[in-house]
Amino acid sequence: RLQTPHGQLDLAACADFAALTPSTVHAVTAASGTVKHWKLVENRTSFERVARQREPDSGVIWLPGFPPGWWRTAVAQLLDLAPASAHIACDPDPAGIAIALKAAGLWHERSLAWHPWKMAASDLAALRVRKPLTDGDRLQLSALRQGPTLPAPLSELLEWMLKHGEKGEQEGYL
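Residues numbered from 1 in each chain as written. Predicted model: local features only at pLDDT ≥ 70, side-chain atom pairs only at ≥ 80, totals over all residues. Heavy atoms only, no water.

### Re the environment of Ala113
At step 1: When you line up the elements, Ala113 lands in the loop between helix 4 (94-109) and strand 7 (114-116).
At step 2: When its relative accessible area of 41% is taken as the criterion, Ala113 is described as partly exposed.
At step 3: The spacing of Ala113 and Thr149 is 36 residues in sequence and 16 Å in space, taken between C-alpha atoms.
At step 4: Once you skip the residues sitting within four places of it in the chain, Ala113 turns out to touch Ser85, Ala86 and Trp107. (Helix = DSSP H or I, 4+ residues; strand = E, 2+ residues; numbered from the N terminus. Buried < 20%, exposed > 50% of the residue type's maximum accessible area, 1.4 Å probe, protein only. Contact = heavy atoms within 4.5 Å.)

Shown next as structure tokens:
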């Protein structure tokens, strides 16, 4: 439940999901209830599926690609009011790894745990449809490989993509 100066929003009452504008989130003064963890899902179709099937103590947040400033500000406010670990699901591709790392920064800043979710090499390998890596993808993978140490699942995903020359989209399994 989110408290604003104008009343209370009971998000647990939503059958699937509710869109909250940045202004609405900015107006939130308190939160109550239990959020065991936040699930961040990049693809909107996948987000809608996850939101419909969420556990009662999970919060689900749409991650609109590379997280823009308004999104980071709103999610930071939610984390400050309802801190919990994150499970981050992005496309199993080079951009997806970069997006997950960017979003995870909000958790890192607050010393909260985060984990890649549905981003394992086995998830990509199981897709029926995969796409070939582009030259730009290979450059991005090389840059990610040279950057800070990746969590094991993301490192394994990166190496699988380089070895097989393929990437995918999460709509195929999430």
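What follows continues from the structure just given.
### Description of the sheet that holds strand 3 (residues 30-31)
At step 1: Across the sheet, which stays open at both edges, the three strands sit in the order 2-1-3 with antiparallel pairing between neighbours. The sheet terminates laterally at strand 2 (7-9) and strand 3, the two strands that pair on one side only.
At step 2: With three bridges joining them, strand 1 (residues 2-4) and strand 2 adopt antiparallel strand pairing. Bridging across to strand 2, Leu2 finds its partner in Leu9. (Pairing = 2+ DSSP bridges.)

### Some details on unusual backbone geometry
At step 1: Positive phi, normally seen in glycine, also occurs at Ser111, with a value near 55 degrees.
At step 2: Locating Ser111 in the fold gives a position in the loop between helix 4 and strand 7.
At step 3: The phi dihedral of Lys118 is positive, around 60 degrees, even though this residue is not glycine.
At step 4: Residue classification places Lys118 among the partly exposed residues on the basis of a relative accessible area of 34%.

### Considerations on the nonpolar core
Nonpolar side chains in soluble globular proteins tend to be buried together.
At step 1: Judged by nonpolar contacts, the single largest core of 40 residues is most densely connected at Trp38, Leu40, Trp71, Ile88, Ile97 and Trp107.
At step 2: Broken down by secondary-structure element, the contributors of at least two residues to this core are strand 4 (37-41), helix 3 (69-81), strand 6 (85-89), helix 4, helix 5 (121-126), helix 6 (135-146) and helix 7 (152-164).
At step 3: Sequence-distant contacts of Trp107, that is, excluding residues within four places in its chain, are made with Trp38, Leu40, Val75, Leu79, Ala84, Ser85, Ala86, Leu112, Ala113 and Trp114.
At step 4: Core analysis: the next-biggest nonpolar cluster, separate from the first, contains eight residues, Val41, Phe47, Trp117 and Leu174 among them. (Core = buried A, V, L, I, M, F, W, Y, C linked by side-chain atoms within 4.5 Å.)

### So, the pairing of strand 5 (residues 58-62)
A regular strand places its side chains on the two faces of the sheet in alternate fashion.
At step 1: Within strand 5, four of the five residues are buried, leaving the element largely enclosed by the surrounding structure.
At step 2: Of the strand pairs in this sheet, strand 4 and strand 5 are connected by five bridges, and their pairing is parallel. Across the sheet, the residue bridging to Lys39 is Val60, located in strand 5.
At step 3: Handedness of the crossover joining strand 4 and strand 5 through helix 2 (residues 44-52): right-handed. (Right-handed = clockwise from strand over helix to strand, strands pointing away.)

### A look at the packing of helix 4 against helix 6
At step 1: Here helix 4 crosses helix 6 at 40 degrees, and the two axes come no closer than 9 Å. It follows that helix 4 is oblique to helix 6 by the angle criterion. Once helix 4 is placed against helix 6, the crossing between them reads as left-handed. Contacts between helix 4 and helix 6 involve Pro94, Ala95, Ile97, Ala98 and Leu101 from the former and Asp137, Gln140, Leu141 and Leu144 from the latter.
At step 2: Counted by class, the contact of helix 4 with helix 6 contains seven nonpolar, one polar and one charged residues. (Axes fitted to C-alpha atoms, helices over the stretch in contact; angles between N-to-C directions. Parallel < 35°, antiparallel > 145°, perpendicular 65-115°, else oblique. Left-handed = near helix turned anticlockwise from the far one by under 90°. Nonpolar A, V, L, I, M, F, W, Y, C, P; charged D, E, K, R; others polar.)

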